[in-house]
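# Observations on chain architecture
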Amino acid sequence: MAGPDFEEAVRAVVRSLRPGDVATYGEVAAEAGFPGAARAVGNLLRRSTGLPWWRVVSAGGRLAPGAEAEHAARLQAEGVPFTGTGKVAPAALRRAR
DNA sequence: TATCTGACGATAG
DNA sequence: CCTATCGCCAGAT
């Protein structure tokens, strides 16, 4: 099942995210048809280019380790609310999808 | 085929 | 809110 399909599906889902809309890695994986592959999604987004990767966050609204500053900046630029502790507000995660 | 890696997720302390 | 652990998956070596 995995292979080109996985990459294609994940890219399609991430590309469908609109400004201000935030989804979790797990959500993207499930939406792409690979439930439980959240880790693989993160790995793919990390090396992939040309995708709104900043609209995808870890469960609980945590940002990508090693790029938190850029991640937060891009999200805030789209009007995404934060909880003050450097995490995306729970309300914003509900809108994802 | 076996083993390791990682922008994950959930739970426990 | 923090770190520590374990489980899960796709890709690379």
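Look up a bit, the structure's there.
Here's a quick rundown of the structure. (Residues numbered from 1 in each chain as written. Chains lettered and ligands numbered in written order. Predicted model: local features only at pLDDT ≥ 70, side-chain atom pairs only at ≥ 80, totals over all residues. Heavy atoms only, no water.)

### Side note on the environment of A64
- Mapped onto the elements, A64 comes out in the loop between β2 (56–57) and α4 (68–77).
- Since its relative accessible area comes to 13%, A64 is described here as buried.
- For the pair A64 and P35, spaced 29 residues apart in the sequence, the C-alpha separation amounts to 20 Å.
- Every residue in contact with A64, bar those within four places of it in the chain, is listed here: Y25 and H71. (Helix = DSSP H or I, 4+ residues; strand = E, 2+ residues; numbered from the N terminus. Buried < 20%, exposed > 50% of the residue type's maximum accessible area, 1.4 Å probe, protein only. Contact = heavy atoms within 4.5 Å.)

### Brief notes about the packing of aromatic side chains
- Scanning all chains against the criterion turns up 2 aromatic pairs.
- Ring geometry for W53 versus W54: centroids 5.9 Å apart, planes at 80°, classification edge-to-face.
- Given a relative accessible area of 16%, W54 falls into the buried group.
- One residue, R74, lies across the ring of W54, its end atom 4.5 Å from the ring centre. (Phe/Tyr/Trp six-rings, centres within 6.5 Å; stacked < 30°, edge-to-face > 60°. Lys NZ or Arg CZ within 6 Å of the ring centre and 35° of its normal.)

### A look at the packing of helix α1 (residues 4–16) against helix α2 (residues 25–32)
- Interhelical geometry of α1 versus α2 gives an angle of 120° and a closest axis separation of 9 Å. Put simply, α1 runs oblique to α2. Remark: the crossing between α1 and α2 carries right-handed chirality. Where α1 approaches α2, its residues A9, V10, V13 and V14 are matched on the opposing element by V28, E31 and A32.
- The residue inventory of the contact of α1 with α2, partitioned by class, reads 6 nonpolar, no polar and 1 charged. (Axes fitted to C-alpha atoms, helices over the stretch in contact; angles between N-to-C directions. Parallel < 35°, antiparallel > 145°, perpendicular 65-115°, else oblique. Left-handed = near helix turned anticlockwise from the far one by under 90°. Nonpolar A, V, L, I, M, F, W, Y, C, P; charged D, E, K, R; others polar.)

### Some words on the pattern of salt bridges
- In this structure the tally under the stated criterion is 3 salt bridges.
- The closest approach of N and O atoms between E78 and R55, which form a salt bridge, is 2.8 Å. Separated by 23 residues along the polypeptide, E78 in the loop between α4 and α5 (90–95) and R55 in the loop between α3 (38–47) and β2 bring together distant segments of the chain.
- A residue is classified by how much of its surface remains accessible, and E78, at 24% relative accessible area, is partly exposed.
- Residue class for R55 comes out buried when judged on its relative accessible area of 9%.
- Between E70 and R74 there is a salt bridge, with the nearest N and O atoms lying 3.1 Å from each other. Of this pair, E70 and R74 both sit in helix α4, 4 residues apart, roughly one helical turn.
- Take E70: its relative accessible area is 39%, and that puts it in the partly exposed class.
- A relative accessible area of 34% means that R74 is categorised as partly exposed. (Salt bridge = Lys/Arg side-chain N within 4 Å of Asp/Glu carboxyl O.)

### With respect to the side chain of R55
- Polar side-chain contacts of R55 include one of 2.8 Å to the backbone oxygen of L17.
- With residues near it in sequence (within four places) discarded, R55 still touches L17, R18, P19, D21, V22, A23, L75 and E78. (Polar contact = N/O pair within 3.5 Å; in protein donor to acceptor, adjacent residues only side chain to side chain.)

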